[in-house]
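# Fold and contact review
If you want the building blocks of each chain, they are given just below.
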Amino acid sequence: MESSFKKWMNLVGKPRPDWYARVATGDPAVMREGRTSYPSGHAAETFMTFGLLSLYLMAKLKLFTRQSQGHFAKVVLCLVPLGFAAFITMSHVAAYKHDFADVNAGMMIGLCSAFLAYLINYQNPLCHETAARPRTRPLPPAPTWLKQLLGADAEAVSNASLAQDAPLVEQGIQDPLLGG
């Protein structure tokens, strides 16, 4: 998702901070690469990876749902990956490869992608009952050849997806944000 968005954004062709040094080389490939500054792909990928890790840690440690002893240490542990991401992306600003606007746009793309990826794969991090629990996906119906092969066990294969969600329903656990 990030790379296709970056290719679309590079139609504008914002030059990198070292654009004039690239023009002085006279190499068309170096000059073409010098016009792909906005948004920073490294920032997007870094914040996507470390943002997803931070969200997972926050949900696993139940950071949003209960106060406990050592809460400050848990907050610091959950924010360390985002600190690494900020350090990596700021190194690109210091190396004169990106402006702050490039890095900020990449950071927003990465954090939004991380949050979306988290919600696709895991339950709501704000709900303590379902925090860091992977989403269950219903199994597709069994093909007829498999039902014929299994014979009496065919009904068990067909009802496997219903059995997946039974423990959550029995306990009355419901995700308040997503309703499931």
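Residues numbered from 1 in each chain as written. Predicted model: local features only at pLDDT ≥ 70, side-chain atom pairs only at ≥ 80, totals over all residues. Heavy atoms only, no water.

Helices and strands together make up the secondary structure of the chain, namely nine helices and zero strands. Along the chain, from the amino end to the carboxyl end, the secondary structure elements read α-α-α-α-α-α-α-α-α. Split into buried and exposed, the 180 residues of the chain put 31% on the buried side. Long-range contacts, defined as pairs at least 24 residues apart, comprise 63% of the intrachain contacts of the chain with a sequence gap of at least 6. Total accessible area on the chain stands at roughly 11,300 Å², and carbon and sulfur atoms take up 67% of it. (Helix = DSSP H or I, 4+ residues; strand = E, 2+ residues; numbered from the N terminus. Buried < 20%, exposed > 50% of the residue type's maximum accessible area, 1.4 Å probe, protein only. Contact = heavy atoms within 4.5 Å. Areas by Shrake-Rupley, 256 points an atom, 1.4 Å probe, with all protein chains shown as cover.)

As enumerated under the stated definition, the model contains two salt bridges in all. Between D18 and R22 there is a salt bridge, and its shortest N-O distance comes to 3.0 Å. Grouping residues by exposure puts D18 and R22 together as buried. Measuring nitrogen to oxygen at the nearest pair gives 3.5 Å for the salt bridge that ties K97 to D18. With K97 in the loop between α5 (71-94) and α6 (100-121) and D18 in the loop between α1 (2-9) and α2 (19-25), this residue pair connects regions lying 79 residues apart in the sequence. A single salt-bridge network, built from bridges that share partners, covers D18, R22 and K97. (Salt bridge = Lys/Arg side-chain N within 4 Å of Asp/Glu carboxyl O.)

Another point: the packing of aromatic side chains. Tallied over the full model, the rule gives three aromatic pairs. Measuring from ring centre to ring centre gives 5.5 Å for Y56 and Y122, while their planes differ by 55°; the resulting arrangement is tilted. Of the two residues, Y56 sits in helix α4 (residues 41-60) while Y122 sits in the loop between α6 and α7 (144-150), which places them 66 residues apart along the sequence. Look at Y118 and Y122: their rings are 5.2 Å apart centre to centre, the planes differ by 25°, and that puts the pair in the stacked class. What makes Y122 partly exposed here is its relative accessible area of 24%. Here the aromatic cluster, defined as three or more aromatic residues joined through ring pairs, consists of Y56, Y118 and Y122. (Phe/Tyr/Trp six-rings, centres within 6.5 Å; stacked < 30°, edge-to-face > 60°.)

A word on the packing of α4 against α6. Axis separation between α4 and α6 bottoms out at 7 Å; the angle between their running directions is 40°. Considered as vectors, α4 and α6 are oriented oblique to each other. Between α4 and α6 lies a crossing whose hand is right-handed. Contacts from A43, A44, F47, M48, G51, L52, L55, Y56 and A59 in α4 reach V103, G106, M107, I109, G110, L111, S113, A114, F115, A117 and Y118 in α6. For the contact of α4 with α6, the per-class residue count stands at 16 nonpolar, four polar and no charged. (Axes fitted to C-alpha atoms, helices over the stretch in contact; angles between N-to-C directions. Parallel < 35°, antiparallel > 145°, perpendicular 65-115°, else oblique. Left-handed = near helix turned anticlockwise from the far one by under 90°. Nonpolar A, V, L, I, M, F, W, Y, C, P; charged D, E, K, R; others polar.)

We now examine unusual backbone geometry. Of note, the phi angle at K62 is positive, near 55°, even though the residue is not glycine. Accessibility expressed as a relative area gives 23% for K62, which makes it partly exposed. We note that Y96 has phi near 65°; this positive angle belongs to a residue other than glycine. Mapped onto the fold, Y96 is located in the loop between α5 and α6.

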